[in-house]
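# Analysis of the macromolecular model
Listed below, chain by chain, are the residues.
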Amino acid sequence: MQKEDLDFFRKWLLDYVSQFSSPDSFIQDNINLKFGHTERVCENILLLAKTEKMKDKGCRLAETIALFHDLGRFEQFMKYKTFKDSESENHALLGVKILKKTGVLSRLSLKENDIILKAVEYHNLIEIPGCAGSKELLFYSKLIRDADKLDILKLICEDYKEEEKCRNRALDFNLPETPGCSESIVKDVLNGRMAKMGDVRNQNDVKLLRLSWIFDINFPATFTILKKHKYLDTIISSMKEAEEVHIIEEYIESCLNAAAINSSNRLNRP
Ligand SMILES: [Fe+2]
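Not measured: the values here are computed from a predicted model. (Residues numbered from 1 in each chain as written. Predicted model: local features only at pLDDT ≥ 70, side-chain atom pairs only at ≥ 80, totals over all residues. Heavy atoms only, no water.)

Moving on, we come to the overall build of the chain. On a plain count of helices and strands, the chain comes out with twelve helices and zero strands. The linear arrangement of helices and strands in the chain, starting from the amino end, is α-α-α-α-α-α-α-α-α-α-α-α. In summary, the chain has a C-alpha radius of gyration of 18 Å against a globular reference of 18 Å for 270 residues, a match within 12%. Expressed along its principal axes, the backbone C-alpha trace of the chain runs to roughly 55 × 50 × 30 Å. Across the 270 residues in the chain, those meeting the buried criterion constitute 55%. A separation of at least 24 residues holds for 66% of the contacts in the chain among residues at least 6 apart in sequence. For the chain, the computed accessible surface area is about 13200 Å², with 52% contributed by carbon and sulfur atoms. When the 41 positive and 43 negative side-chain charges of the chain are each reduced to one mean point, those points stand 4 Å apart. (Helix = DSSP H or I, 4+ residues; strand = E, 2+ residues; numbered from the N terminus. Rg over C-alpha atoms; globule rule 2.2 N^0.38 Å. Buried < 20%, exposed > 50% of the residue type's maximum accessible area, 1.4 Å probe, protein only. Contact = heavy atoms within 4.5 Å. Areas by Shrake-Rupley, 256 points an atom, 1.4 Å probe, with all protein chains shown as cover. Lys, Arg positive; Asp, Glu negative; His and termini not counted. Charge placed at Lys NZ, Arg CZ, Asp CG, Glu CD.)

The structure is reproduced here in structure tokens:
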């Protein structure tokens, strides 16, 4: 993959997204939100790729995955007015469908096509499938998952700091701000597992779901960035008073400390 290919993809995406321009500010703001997200995920993936000492060709492939990882979001929002996959469709699979239909990747090798399509498909799964394929695919899939999570955490933390009336309700899926948390989500977090979107019932649950992402971080540099920007602290302090919050806060802190002591990039239960 050459530099010209990446330039072509960047331009292609700009043209693609411009089709979704809308006079409706609710739609336009959310299209802009996802385009901005894509740009920052590209920056994040490059940062991680460089920390992993990847060569230029690998960095370009990583950036292409980041460019297209949320391609399905634009059509999803236009069609369903939500980013919630369960109320619309799986945006990763939709992205893969669009990539195939448009043939935008046809200038790349079969191997590169395969890595991009699968890494896009896997980016929002609860975990990368065991039979994911080559070591290379596994590596790129991990890169996009970390790069993506970093930006979503940044976005939501900025949103939590906004005044109530300025907040973007699409980010918390318009869920109610009821007290407490769902038992299954608390159980997942306290067992060091990623929580499931299907169990989310209120805003506290969304926050716990996002906190549970730390159990699926793959690169030490991702932890460094999380820590630097205090994303986890911001989420915890934004949660409505609930008995479980303190237990979870202590648990997450102990996991992070254990990870720092072991110098391990993946979290283990303490
Ligand atoms: Fe996504």
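A separate point is the coordination of the iron ion. Looking at the iron ion, one finds its protein donor set to be Asp-70 (OD), His-91 (NE2) and His-123 (NE2), positioned 2.1 to 2.2 Å from the metal centre. Each donor residue of the iron ion lies on the same chain, and together they follow the pattern D-x20-H-x31-H. Linking Asp-70 in the loop between helix H3 (56–68) and helix H4 (71–80) with His-91 in helix H5 (residues 91–102), this pair joins segments that are 21 residues apart in sequence. Each member of the pair, Asp-70 together with His-91, is buried. (Donors = N, O, S within 2.8 Å, 3.2 Å for Na, K, Ca; no water.)

Next up on the list: the environment of Ser-184. Residue position: Ser-184 is located in helix H8 (residues 183–190). Under the relative-accessibility criterion, Ser-184 is labelled partly exposed at 32%. Considered as a pair, Ser-184 and Phe-9 are 175 residues apart in the sequence and their alpha carbons are 41 Å apart.

Taken as a whole and judged by the stated rule, the model has eleven aromatic pairs. Note on Phe-20 and Phe-74: the rings are 6.3 Å apart at their centroids and 35° apart in plane angle, and the pair reads as tilted. With a gap of 54 residues between them, Phe-20 in the loop between helix H1 (3–18) and helix H2 (25–51) and Phe-74 in helix H4 connect regions that are remote in the sequence. Its relative accessible area of 8% is what places Phe-20 among the buried residues. Consider the rings of Phe-139 and Tyr-140, whose centres lie 6.0 Å apart with planes at 80°: the pair is edge-to-face. A residue is classified by how much of its surface remains accessible, and Phe-139, at 23% relative accessible area, is partly exposed. Among the residues examined, Tyr-140 registers a relative accessible area of 5% and is labelled buried. (Phe/Tyr/Trp six-rings, centres within 6.5 Å; stacked < 30°, edge-to-face > 60°.)

The next subject is the domain arrangement of the chain. It is common to give the size of an interface as the accessible area lost on bringing the parts into contact. Once the domains are mapped, the chain shows domain 1 (3–147) and domain 2 (175–262). Placing the centre of domain 1 and that of domain 2 at their C-alpha centroids yields a distance of 25 Å. Taken together, the contact between domain 1 and domain 2 spans eleven residues of the former and 13 residues of the latter. With both chains or domains summed, domain 1 and domain 2 bury close to 970 Å², and 66% of this area falls on carbon and sulfur atoms. In terms of surface lost to domain 2, no three residues of domain 1 exceed Lys-84, Ile-126 and Asp-146, which account for 49% of the buried area on that side. The shortest N-O distance in the salt bridge between Arg-145 and Asp-216 comes to 2.8 Å. Across the domain 1-domain 2 interface, the total number found is four residue pairs in polar contact (both at pLDDT 80 or more). Residue assignment for the side of domain 1 that touches domain 2 shows that the elements contributing at least two residues are H2 and helix H7 (135–161). (Domains from an automatic or database assignment. Buried area = accessible area lost by both parts, 1.4 Å probe. Salt bridge = Lys/Arg side-chain N within 4 Å of Asp/Glu carboxyl O. Polar contact = N/O pair within 3.5 Å; in protein donor to acceptor, adjacent residues only side chain to side chain.)

Ranked by internal contacts, the top residues of the largest apolar core, which has 52 residues, are Phe-68, Leu-105 and Leu-143. At the level of elements, H1, H2, H3, H4, H5, helix H6 (110–122) and H7 are the ones that each hand at least two residues to this core. Once residues lying within four places of it in the same chain are set aside, the contact partners of Leu-143 are Ile-45, Leu-48, Ala-49, Met-54, Ala-62 and Phe-219. Core analysis: the second largest hydrophobic core is formed by 37 residues, Leu-208, Leu-209, Tyr-231 and Ala-242 among them. (Core = buried A, V, L, I, M, F, W, Y, C linked by side-chain atoms within 4.5 Å.)

As a further point, take H7. Over its 27 residues, H7 runs 40 Å from end to end, which matches the ideal 39 Å to within 8%, given 1.5 Å per residue. The buried fraction of H7 is high, at 19 of 27 residues. (Expected span 1.5 Å × (residues − 1).)

The subject of this paragraph is H4. For H4, the full list of buried residues reads Leu-71, Gly-72, Arg-73, Phe-74, Gln-76 and Phe-77. Those residues of H4 hidden inside the fold are in contact with H1, H2, H3 and H5. Backbone geometry just downstream of H4 places Lys-81 in the positive-phi region, at approximately 60°.

The interhelical angle for the contact between H3 and H7, taken along N-to-C directions, is 55°, at an axis separation of 10 Å. When the axes of H3 and H7 are compared, the pair comes out oblique. In the packing of H3 onto H7, the handedness of the crossing is right-handed. In contact with Gly-58, Leu-61, Ala-62, Ile-65 and Ala-66 of H3, H7 contributes Tyr-140, Leu-143 and Ile-144. (Axes fitted to C-alpha atoms, helices over the stretch in contact; angles between N-to-C directions. Parallel < 35°, antiparallel > 145°, perpendicular 65-115°, else oblique. Left-handed = near helix turned anticlockwise from the far one by under 90°.)

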